[in-house]
Amino acid sequence: MKNQATYSKEHLHYLRKVRNKSIFVNITRFAVLFILLGVWELSARLEWVNPFITSSPSRISKTIADMYKSGSLSMHVSTTLWETLLGFAIAVVVGYAVALALWWSEIFRRVSEPYFVVLNALPKIALGPLIIIWCGTGSEAIVFMTVLIGLIVAILNMLGGFMSTDPNKLLLLKSMGASKLQILTKLVIPSSLPNFISMLKINVGMAWIGSIMGEYIVSKAGIGYLIVYGGQVFKLDLVMSAVFILCVLAAIMYALVALLEKLVIKNRE
């Protein structure tokens, strides 16, 4: 009764169409996934492809189950997870703060912006030997690599968001005598919220790239270590299992950011 009183019949029909379309898309996604996994499994069992090279869903499941029983799964997952989350958090917080400083000071921005662009284009893997010398061979080097990859992305994305603030609104606040701090807190930061969410989504992928890249260079545990070790001893089931776990963890982290985006949009509305 409440919906009938609030919305028109045409609007209710539109909402049903949107909901049905969303349900159809989700069902189709899972159907495509199950079909792909089924074709993969069937191809491996009938040896249309070499299962030693491509592995299969059943072999991956068995490998993950064996790691879980031995207790190594939780150790490797927790190692990579905390390195990724710590690097992600540092990159986001420091990147946001630096972007604010760049917006605040035009001289600082004009002097340093070209250097940030160059650093963003630099292949971070080239700094691997230096990172080992600077940070050692422990988790510190992996976290540093994660921060290094995500930091510049965070700075440039947030600076773009701050600088894209509506100039007419800026002019209005200035004409009303607003201070720079008031303009920042009342206009620039709120208007850059979509850019902040976008930056988080991008940095989710960057954080996982950084942690796995760091574990490629130096690690004694973690998902990247499993990939490197499995490749060295030709345990490709282990490699594929590690990649599958990585995909699941990255998807969960991205889903949490997407959930945060929905909550932010709902509160703004």
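Being a predicted model, the structure only gives us computed values, none of them experimental. (Residues numbered from 1 in each chain as written. Predicted model: local features only at pLDDT ≥ 70, side-chain atom pairs only at ≥ 80, totals over all residues. Heavy atoms only, no water.)

## Thoughts on the packing of aromatic side chains
Two aromatic rings, taken as a pair, are described by how far apart their centres are and by the angle between their planes. Test applied: Two rings belonging to Phe, Tyr or Trp (six-membered ring only in the last case) form a pair when the distance between their centres is within 6.5 Å. Interplanar angles under 30 degrees mark stacking, angles over 60 mark edge-to-face geometry, and anything in between is tilted. Numbering goes from the N terminus for both helices and strands, where a helix is a DSSP run of H or I of at least four residues and a strand is a run of E of at least two. When accessible area is computed with a 1.4 Å probe and restricted to protein chains, residues below 20% of their type maximum are described as buried, those above 50% as exposed, and intermediate ones as partly exposed. We call a charge positioned above a ring when the Lys NZ or Arg CZ atom is no farther than 6 Å from the ring centre and deviates by at most 35 degrees from the ring normal.
One pass over the full model with this rule turns up five aromatic pairs. With a centroid separation of 6.0 Å and an interplanar angle of 10 degrees, the aromatic rings of Tyr225 and Tyr229 are classed as stacked. With Tyr225 and Tyr229 both in helix α12 (residues 223-232) and four residues apart, the pair spans about one turn of that helix. Looking at Tyr225, the relative accessible area reads 28%, which means it is partly exposed. Positioned over the ring face of Trp103 is Lys180, at 5.6 Å from the centre of the ring. Sitting over the face of the ring of Trp104, Lys180 holds its NZ or CZ atom 5.3 Å from the ring centroid.

## Description of the packing of helix α5 (residues 72-104) against helix α6 (residues 106-121)
Put simply, the rule reads: To define axes, lines are fitted to C-alpha atoms, for helices over the stretch in contact only, and angles between the resulting N-to-C directions are given on a 0 to 180 degree scale. The scheme is simple: roughly parallel for angles under 35 degrees, roughly antiparallel for over 145, roughly perpendicular for 65 to 115, oblique for anything else. We call two residues in contact whenever any of their non-hydrogen atoms come within 4.5 Å of each other. Just so you know the grouping, Ala, Val, Leu, Ile, Met, Phe, Trp, Tyr, Cys and Pro go in nonpolar, Asp, Glu, Lys and Arg go in charged, and all remaining residues, Gly too, go in polar.
Packing of α5 against α6 brings their axes to within 6 Å, and their N-to-C directions diverge by 130 degrees. As far as their axial angle goes, α6 and α5 are oblique. In contact with Val98, Ala101, Leu102, Trp103 and Trp104 of α5, α6 contributes Glu106, Phe108, Arg109, Ser112 and Phe116. Split by residue class, the contact of α5 with α6 holds seven nonpolar, one polar and two charged.

## A word on helix α11 (residues 193-217)
The line we're drawing: Expected helix span is given by 1.5 Å per residue-to-residue step, counting one fewer step than there are residues. Throughout, the bend at a residue refers to the angle made by two axes, fitted to the seven residues ending there and to the seven starting there.
Taking 1.5 Å per residue, 25 residues should reach 36 Å; α11 reaches 35 Å between its end C-alpha atoms and fits that length. At Asn203, α11 shows its maximal kink, close to 25 degrees. Ile197, Met199, Leu200, Asn203, Val204, Ala207, Trp208, Gly210, Ser211, Ile212, Gly214 and Glu215 are the residues of α11 that are buried.

Coordinates in, geometry out; function isn't part of it.
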